[in-house]
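Take a look at the letters that make up each chain.
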Amino acid sequence: PIGQLGRAREGQFVAVTHLEPLRWPGLGTSVHPQPLAVTRPPEPPRRGPGHAGPGRMDQHGWVILVGCCGWPERRDAYVAEFPVVELQHTFYQLPSERLAERWRSSVPPGFEFAIKAWQAITHRAASPTYRRLREPLAGNPERYGAFQPSPEVDVAWERTLAVARVLDASNLVCQCPASFTPSDEHVENLRRFFAAASRNGLRLVWEPRGGAWDVTL
């Protein structure tokens, strides 16, 4: 179920692909494990709480940790099976730093968070996903999303990074809507954003939607 995963190098971002659902031993439910681009140099397999989950070494010698998007089971059951989770909550509404601290303290040491970037970075304000936003948009709504070079996107990125720091997140996933097609404007925005974005040690992951991105960047 791993699919295609780009090799992660320092200063680059990784694109992830769609995966089919499967039944994962120990969870008893049909879940969607995903390669979350949580890659690191080779090391011995780890066991115990927070490290009992699956990991695979690819042909380049990177260890790929596999987890789910969201919590498909009770958190204590999940962390006993998987070493990483991708948080969906941060896409719709960024939590307060205090809430993020509670999330961090609720998992074992060494458990890894990958978080989705706030939709204000990737999605235009007309997206129906904004219905789940619980705060008014500051500034000009037309300048949100699509990695636009705007103060609104810059602030959204800094707020996302603040939450990532509290969670000690390893990866930050920028998931785009299918409407984010490879137009000249979008390609330029994408290149400019990832070239200039502050990372604070985070690995950035780009997840395009739709089948239009059959291009070389």
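From a predicted model like this one, the values you see are computed outputs, not experimental measurements.

## Details of the pairing of strand β9 (residues 171-175)
Of all five residues in β9, five are buried; the element is thus mostly enclosed. Going residue by residue along β9, you find Asn 171, Val 173 and Gln 175 tucked away on one face and Leu 172 and Cys 174 tucked away on the opposite face as well. Sheet analysis places strand β8 (residues 112-116) next to β9, joined by three bridges and oriented parallel. Residue pairing for β9: Lys 116 is matched across the bridge by Val 173. Alignment of β9 against strand β10 (residues 203-207), held across five bridges, turns out to be parallel. Residue pairing in the sheet places Cys 174 in a bridge with Trp 206 of β10.

## What to know about the confidence of the model for the chain
Overall, the prediction assigns the chain a mean pLDDT of 78, with 70% of residues at 70 or greater. Averaged pLDDT values over the elements of the chain bottom out at 40 in strand β1 (residues 13-15) and peak at 98 in helix α4 (residues 119-122). Every residue in residues 1-54 scores below 50 in pLDDT, and together they form 144 contacts with partners more than four places removed in sequence or on other chains.

## A few points about the environment of Phe 193
The topology assignment puts Phe 193 in helix α6 (residues 184-196). In this structure Phe 193 comes out as buried when scored by relative accessible area, which is 9%. A C-alpha to C-alpha distance of 9.7 Å links Phe 193 and Val 153, two positions 40 residues apart in sequence. Sequence-distant contacts of Phe 193, defined by excluding residues within four places in its chain, comprise Ile 121, Phe 147, Val 153 and Trp 157.

## Re the pattern of salt bridges
Enumeration over the complete set of coordinates arrives at seven salt bridges. Among the ionic pairs, Glu 188 bridges to Arg 192, the shortest N-O distance being 3.4 Å. One end of the pair, Glu 188, and the other, Arg 192, are both in helix α6, four residues apart, so they sit about a helical turn from each other. Among the residues examined, Glu 188 registers a relative accessible area of 39% and is labelled partly exposed. Owing to a relative accessible area of 35%, Arg 192 belongs among the partly exposed residues under this scheme.

Reading guide: rules and limits
Residues numbered from 1 in each chain as written. Predicted model: local features only at pLDDT ≥ 70, side-chain atom pairs only at ≥ 80, totals over all residues. Heavy atoms only, no water. Buried < 20%, exposed > 50% of the residue type's maximum accessible area, 1.4 Å probe, protein only. Helix = DSSP H or I, 4+ residues; strand = E, 2+ residues; numbered from the N terminus. Pairing = 2+ DSSP bridges. pLDDT = per-residue confidence, 0-100. Contact = heavy atoms within 4.5 Å. Salt bridge = Lys/Arg side-chain N within 4 Å of Asp/Glu carboxyl O.

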